[in-house]
Amino acid sequence: MEEENAVELLQRYRRDRRVLLDYILSGSLIKKVLMPPGAVSLDDVDLDQVSVDYVLSCSKKGAMVELSEAIREYHDSTEFPNMNNTGSANEFFLVTNPESSGSPPKRAPPPIPASAPSSIPILTPSPAPVLASSPISDLETSPIPPLAASPIMSSVSKSVSLNSTRDRELSIDDIDIDDLEEDDDVDEVDSLRMSRRKPNDAADLVLGLPSFATGITEDDLRETAYEVLLASAGASGGLIVPSKEKKKDRKSKLMRKLGRSKSEHVKVQSQRAPGLVGLLEAMRVQMEVSEAMDIRTRQGLLNALVGKVGKRMDTLLIPLELLCCISRTEFSDKKAYIRWQKRQLNMLEEGLINHPAVGFGESGRKASELRILLAKIEESESLPPSTGGLQRTECLRSLREIAIPLAERPARGDLTGEVCHWADGYHLNVRLYEKLLLSVFDILDEGKLTEEVEEILELLKSTWRVLGINETIHYTCYAWVLFRQFVITSEHGMLRHAIEQLKKIPLKEQRGPQERLHLKSLQSKIEGENGFRDINFLHSFLSPIKKWADKQLGDYHLHFAQGSVMMEEIVAVAMISRRLLLEEPVGAIESTLVTDQEQIEAYVSSSTKHAFARILQVVETLDTTHEHPLALLAEETKKLLNKATALYMPVLSRRNPQATFVAASLLHRLYGNKLKPFLDGAEHLTEDVVSVFPAADSLEQCIIAVITTSCEEGTADAYCRKLTQYQIETISGTLVMRWVNAQLARVLGWVERAIQQERWDPISPQQRHANSIVEVYRIVEETVDQFFALKVPMRSAELSSLFRGIDNAFQVYASHVVDKLASKEDLIPPVPILTRYKKEAGIKAFVKKELMDPRLPDERRSSEINVQTTPTLCVQLNTLYYAISQLNKLEDSIWERWTRKKPQERSIKRSTDEKSRSSMQKDTFDGSRKDINAAIDRICEYTGTKVIFWDLREPFIDNLYKPNVTHSRLEAIVEPLDMVLNQLCDIIVEPLRDRIVTGLLQAALDGLLRVILDGGPSRIFFPSDAKLLEEDLEVLKEFFISGGDGLPRGVVENQVARVRHKIKLHSYETRELIEDLKSASGSEMQGGRSNLGADTNTLLRILCHRSDSEASHFLKKQFKIPRSAA
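Moving on: the overall build of the protein. Along the protein, the regular secondary structure elements total 44 helices and four strands. Considering the protein as a whole, with its 1126 residues, one finds that 52% of them fall into the buried category. In the protein, once contacts between residues fewer than 6 apart in sequence are set aside, the share between residues at least 24 apart is 78%. Only carbon and sulfur atoms are counted for the fraction: they give 52% of the accessible area of the protein, which is about 52400 Å².

So, about unusual backbone geometry. Within the chain, Trp760 stands out as a residue other than glycine whose phi angle is a positive 55 degrees. Inspection of the secondary structure assignment puts Trp760 in the loop between helix 28 (728-757) and helix 29 (771-789). A positive phi angle, close to 65 degrees, is found at Tyr961, a residue other than glycine. Locating Tyr961 in the fold gives a position in the loop between helix 37 (953-958) and helix 38 (971-987).

Note that Asp555 resides in the loop between helix 20 (537-553) and helix 21 (556-559). Sequence-distant contacts of Asp555, defined by excluding residues within four places in its chain, comprise Ser607, His610, Ala611 and Arg614.

Take the nonpolar core next. Tyr671 and Ile948 are the most contacted members of the largest nonpolar core, which totals 157 residues. Broken down by element, the residue count for this core peaks at 13 residues, all from helix 39 (residues 990-1013). Tyr671 has contacts with Phe612, Leu630, Leu633, Ala634, Thr637, Val692, Ala696, Leu699 and Tyr726, leaving out every residue within four places of it along the chain.

Where helix 22 (residues 565-582) meets helix 23 (residues 596-621), the axes come as close as 11 Å, and the angle between the chain directions of the two elements is 135 degrees. When the axes of helix 22 and helix 23 are compared, the pair comes out oblique. By crossing handedness, the relation of helix 22 to helix 23 is classed as right-handed. Residues Val571, Ala574, Met575 and Arg578 of helix 22 form the contact with helix 23, whose own contacting residues are Asp596, Gln599, Ile600 and Tyr603. Looking at side-chain class alone, the contact of helix 22 with helix 23 contains five nonpolar, one polar and two charged residues.

Here we take up the pattern of salt bridges. Under the criterion given, the structure shown has 49 salt bridges. As a salt-bridge pair, Asp219 and Arg222 come within 2.6 Å of each other at their nearest N and O atoms. Remark: Arg222 and Asp219 occur in helix 6 (residues 218-234); sequence separation between them is three residues, near one turn of the helix. One salt bridge in this structure joins Glu434 and Arg431, with 3.0 Å as the shortest N-O distance. Taken together, the positions of Glu434 and Arg431, both in helix 14 (residues 426-437) and three residues apart, correspond to about one turn of that helix. The exposure classification of Glu434 matches that of Arg431, with both residues buried.

Of the positions making up helix 44 (residues 1109-1119), those classed as buried are Ala1111, Ser1112, Phe1114 and Leu1115. Angularly, the buried residues of helix 44 cover 165 degrees about the axis, an arc narrow enough to put them on a single face. Across from the buried face of helix 44, at angles greater than 90 degrees, the exposed residues are Ser1109, His1113 and Lys1117. With a side-chain oxygen positioned 2.9 Å from the backbone nitrogen of Glu1110, the residue opening helix 44 is Asp1108. Looking one or two places after helix 44, you find Lys1120, whose phi comes out positive at around 55 degrees.

This part is about the packing of aromatic side chains. Considering all chains together, one arrives at 19 aromatic pairs under this definition. On the numbers, 5.9 Å between centres and 70 degrees between planes, the contact of Phe1114 with Phe1119 is edge-to-face. Given the relative accessible area of 8%, Phe1114 is considered buried. We classify Phe1119 as partly exposed; its relative accessible area is 34%. Among the aromatic residues, those joined into a ring-pair cluster are Phe331, Tyr337 and Trp340. Directly above the ring of Phe331 sits Arg296, whose terminal nitrogen or CZ lies 4.1 Å from the centroid.

Bringing helix 11 (residues 334-354) into the picture now. In a regular helix each residue adds 1.5 Å, so 21 residues correspond to 30 Å; helix 11 covers 28 Å between its end C-alpha atoms and thus fits that length. Taken across its 21 residues, helix 11 has 16 buried, putting it largely inside the fold. You can read the cap of helix 11 off the contacts: a side-chain oxygen lies 3.2 Å from the backbone nitrogen of Lys335, and it is on Asp333.

Okay, the environment of Val1052 next. Note on placement: Val1052 falls in helix 41 (residues 1049-1065). Using a relative accessible area of 0% as the deciding quantity, one classes Val1052 as buried. Placed 50 residues apart in sequence, Val1052 and Gln1002 show a C-alpha to C-alpha distance of 9.3 Å. Among residues more than four places away in sequence, those in contact with Val1052 are Leu1001, Lys1037, Phe1040, Ile1041 and Leu1047.

Before going further, it helps to examine the confidence of the model for the protein. When pLDDT is averaged along the protein, the result is 77; 76% of the residues meet or exceed 70. Segment residues 113-196 is flagged for pLDDT under 50; beyond a separation of four residues in sequence, or across chains, it makes 218 contacts in the model. Note that residues 904-912 has pLDDT below 50 and, in this model, seven contacts with residues that lie over four places away or in other chains.

Conventions we followed
- Residues numbered from 1 in each chain as written.
- Predicted model: local features only at pLDDT ≥ 70, side-chain atom pairs only at ≥ 80, totals over all residues.
- Heavy atoms only, no water.
- Helix = DSSP H or I, 4+ residues; strand = E, 2+ residues; numbered from the N terminus.
- Buried < 20%, exposed > 50% of the residue type's maximum accessible area, 1.4 Å probe, protein only.
- Contact = heavy atoms within 4.5 Å.
- Areas by Shrake-Rupley, 256 points an atom, 1.4 Å probe, with all protein chains shown as cover.
- Core = buried A, V, L, I, M, F, W, Y, C linked by side-chain atoms within 4.5 Å.
- Axes fitted to C-alpha atoms, helices over the stretch in contact; angles between N-to-C directions.
- Parallel < 35°, antiparallel > 145°, perpendicular 65-115°, else oblique.
- Left-handed = near helix turned anticlockwise from the far one by under 90°.
- Nonpolar A, V, L, I, M, F, W, Y, C, P; charged D, E, K, R; others polar.
- Salt bridge = Lys/Arg side-chain N within 4 Å of Asp/Glu carboxyl O.
- Arc of directions from axis to C-beta.
- Polar contact = N/O pair within 3.5 Å; in protein donor to acceptor, adjacent residues only side chain to side chain.
- Phe/Tyr/Trp six-rings, centres within 6.5 Å; stacked < 30°, edge-to-face > 60°.
- Lys NZ or Arg CZ within 6 Å of the ring centre and 35° of its normal.
- Expected span 1.5 Å × (residues − 1).
- pLDDT = per-residue confidence, 0-100.

Structure (structure tokens):
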């Protein structure tokens, strides 16, 4: 493609060089111009072969210019690089072939900065090296930079300069370009500058037509198309040969301006000639046909009609008539004539022989003869003039006899002789018509249509008869030309015009029967990957358009990166062309895509795959030392999805509502394919897992959100179910569960270690709990912090596991605290055996103590009990209270952090989690709370029991009320009890004070009941002692109330009530007790109680401690209770 552009650019430079030389040689700067032999005017001279160096040298010396010498010097200089003595300069050589000929340039040369005057470089597309230096003389073997796009000077750019480094050498500064403009409008200059656009590569946009066997070039087609246009215009009488005076007048204007100072500003206004004459002149300029060629062609066509009365010009076999009517003498040199003749002969061969629309039949022999004649005509130019001329004349006469019948074959269903089928193969016709349509573009700005576009299109209708064009073919060709121009210039307006023309192409049902048959007959063979295949007209023009649009839309992420307006119109082009092509299937080529929606889905799939592949390549090149590639890929994929949703889906969703789902689900699957091996290999919570899982889950949630937003209500769940979800939460939950279990095992180890090392000393007077619970909370909080530091997705099951583990850790802690406490049986001495009163025993009791009970705890156990001092027990209570009081803070913190961790989840999932949370919150730490409270109660009870039955056993349990109430009252116990109580209150925390004092009160009352009911044979009570016992009970009650500073009175009264009733029983006489016991024994059989409200055991024990012979006799007789063994 670069080589083709280089050739086209070179052709434009050569044409501009000819224009400049023509102006210089025609003006007053040259004293005299001596024509070469055989030339009458400059029109007869091939200016491409005139040496610029020679002309400029003569101009500076004021000498006569001999064009034969200039031509000789030009040919001499082409054999070696031109040398000059201008000093150092940017020099480069042209290596392109100056003999090449191609289509008109598709772009203007690059602009030259308008700053300081500089020498003109020769600009050719890379990679061709070119020699360039300051003076014009250095441009001998290369074309002059373009001053105009055509011989009309209105196209000359004001920004072009030919300044020379030599003093007063001829330059464009001396030629006032402003004065050369026929229209000095600023808008025209701006338009020209706009034309300096960089053309796009249109190599992918090639017509599906066979190539020409004769090697016809784009320039050949353009020049022949202009000849067809002239013949068609001549049919309506609009063909006039212009006068040469007008041409010379225009040149003289330029020469006058060449000598004018730049400071003079003279504006010359000229207008286009009216009517068909002016329009044809404009078309000549647009199609870049020289005036000399125009005049020759017009004259030749007019001469061809001489003697043909009633013959229309557009029914002539144009190449044949021009060959007959234009002679060698009308050309300045032989080379130009040979090129022109070769073109005409090639057109005849291509049009009549190479691609016939119908078989030759009996004309097959004539076709072979015609080929021979064409070769002889070409051969005649190499023969001597006399022989060659005679052979050419004979061959032309024979050629006419053979060519006319071939040209008038009724290939298109027309009547013989009515239309000249001079180009029987349709593809040559449409290529010529394509060249005619190219004239609608502004020569100053190829991205715009010329102002005369409507007139040009109307004029081109006159060629339809010759070229076999109808409306369908016209709209198709015009749409192709406009669309290709859009591809080259990227001008949005061209695309809109192309869409308008595509919409005008009638559908199959809108065409008549004859037109359908005609279009069906327009077939050609082109070479493809699988050999030659037939292709019809619509496929030749529309398939390249659709293929180009499909390619763009197949990767719309790349080609429409900034917006969707252009994309929407390209989609329209693809859909319209697709619909037209599906109506005209070619052979076995049938589209597997039935609907537009499936086509859109194919675009989405293709472009999404390409875009994903690109971001995959980008991620592979990034630094992944700090983040896993899959995490980076997830982030880039999310950006890609968001961009597609914002820019492209609004366009594509209009034609396929499922486009968003297709894009999102495909991205989900593409990323999932990359993610799956990683998921399969994830067994532990590594750094890579912690990096990838959150990113992958975030991408999946984003995809689901996009699908949900784009779908109608009620269909989102169905679409989401079609996704094969990554199951990140499930896999991550399993890994997190393993981690939680390992951490909780570590926490339990720390708990046991802390308990084993605990000495139960308060941390400080202010912090009266032990250090072990602080350690336990520290390790638990560290575990919780690490849990929430895991950025991987989690379910509520992992949180429940964490809660259960922490709950279990505190249960274990509480269990370890109470496990070291002695049992109640070890603290409380065994109940003495019931004995009845014996007077001697009672007397001896005064002088002899009871024997030691053999069931007391052993020495080892006693030492363990003694270790559990009251301060130690208080510290344990404080520690347990600290544990339970901090649980609420820990629980609230965990729930708050969990709520922050899961804010982005969908409402359905969130509501489910809220339900599970409410059910979890009911029993989050209930197990540990229950166990800790039970442990506190156990220690409070144990502390009171130990104080009364172990620490104060001797004064309280052993000696109170011995030998009788009068000699040993409760006041003796109050002082040691007060010391213990003070010690408790100094250490215990305020919230637990009442609980532990209540435990001490209960133990004291239990001890008092033990003394008055199970005091053993050494204690005797009389009815009169009841009053004293009541007084002692009151003392004990007031001691614990402590004037309002102790326990609440109501609490103490409730506890004392059970003892007060037992004391009251001591006030009854023995007879009453015996009678009540008898009645109680009977009533208990029926589930009742005694009249005194006591059970039989209580009455029995009171009688056992009664110093009364009646009681002793009753107990012996009724219960066989032995006498005291004291």
